[in-house]
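# Per-entry structural report
Residues per chain are reported as follows:
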Amino acid sequence: MDSRRTHPRLALLSLLGNISLVASWAVLLTRPAGWQVVGPVLLAGFLVLRVGGAWFYATRQSGGSSVARRSALFTTALALVAVGLWVFTLLRGPGRL
């Protein structure tokens, strides 16, 4: 059984983090009024919810589960790649992808 099913709130936070990342990309690409504030706030929300949730779950595992720690490290690495691509898009502009 997947151990995340025992903590459905953490799975919900992970989903909200993913939605926050998608929303930050949408804000970045469409650039509505106030996008300079909303985009980074949504991106920070992604990092807090997704990476913070993964590490919170890893630290609460009994016995110091190495699988949970490796999963948190992998989640952190993927989040850093996502933030790097977001910043790359910010610097290059949505029209010059």
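Refer to the structure above for everything that follows.
Quick look at the structure, then. The structure displayed is predicted, hence computed values, not measured ones.

Our focus in this paragraph is the overall build of the protein chain. Each helix and strand in the protein chain was counted, giving 3 helices and 0 strands. Tracing the protein chain from N to C terminus, the helices and strands come up as α-α-α. Expressed as a percentage of the 97 residues in the protein chain, the buried residues total 27%. By sequence separation, contacts in the protein chain at least 24 residues apart represent 67% of the contacts at least 6 residues apart. Carbon and sulfur atoms make up 69% of the accessible area of the protein chain, which amounts to about 6500 Å² in all.

Here helix α2 (residues 35-60) crosses helix α3 (residues 66-92) at 170 degrees, and the two axes come no closer than 8 Å. Classified by the angle between their axes, α2 and α3 sit roughly antiparallel to one another. Together, Trp35, Gly39, Pro40, Leu43, Phe46, Leu47, Arg50, Val51, Ala54, Trp55, Tyr57 and Ala58 of α2 and Ala68, Arg69, Ala72, Leu73, Thr75, Thr76, Ala79, Ala82, Val83, Trp86 and Leu90 of α3 make up the contact between the two elements.

The next subject is the nonpolar core. Among the nonpolar cores identified, the biggest contains 11 residues, and these are Leu21, Val27, Leu28, Trp35, Leu43, Phe46, Val51, Ala79, Ala82, Val83 and Trp86. Contributing elements (two or more residues each) for this core: α1 (8-30), α2 and α3. With near-sequence residues (within four places) excluded, Trp35 lies in contact with Val27, Leu28, Pro40 and Leu90. One finds Leu10, Ala54, Ala68 and Ala72 within the second-largest nonpolar core, a separate group that totals 6 residues.

Turning our eyes to something else, we now look at the packing of aromatic side chains. Tallied over the entire structure, the rule returns 0 aromatic pairs. The side chain of Arg31 reaches across the aromatic face of Trp35, ending 4.3 Å from its centre.

The next point concerns unusual backbone geometry. Of note, Arg31 is a non-glycine position whose phi angle comes to about 50 degrees, a positive value. Inspection of the secondary structure assignment puts Arg31 in the loop between α1 and α2. Note on Arg31: relative accessible area 27%, which makes it partly exposed.

Here is what the cut-offs are and how they apply
- Residues numbered from 1 in each chain as written.
- Predicted model: local features only at pLDDT ≥ 70, side-chain atom pairs only at ≥ 80, totals over all residues.
- Heavy atoms only, no water.
- Helix = DSSP H or I, 4+ residues; strand = E, 2+ residues; numbered from the N terminus.
- Buried < 20%, exposed > 50% of the residue type's maximum accessible area, 1.4 Å probe, protein only.
- Contact = heavy atoms within 4.5 Å.
- Areas by Shrake-Rupley, 256 points an atom, 1.4 Å probe, with all protein chains shown as cover.
- Axes fitted to C-alpha atoms, helices over the stretch in contact; angles between N-to-C directions.
- Parallel < 35°, antiparallel > 145°, perpendicular 65-115°, else oblique.
- Core = buried A, V, L, I, M, F, W, Y, C linked by side-chain atoms within 4.5 Å.
- Phe/Tyr/Trp six-rings, centres within 6.5 Å; stacked < 30°, edge-to-face > 60°.
- Lys NZ or Arg CZ within 6 Å of the ring centre and 35° of its normal.

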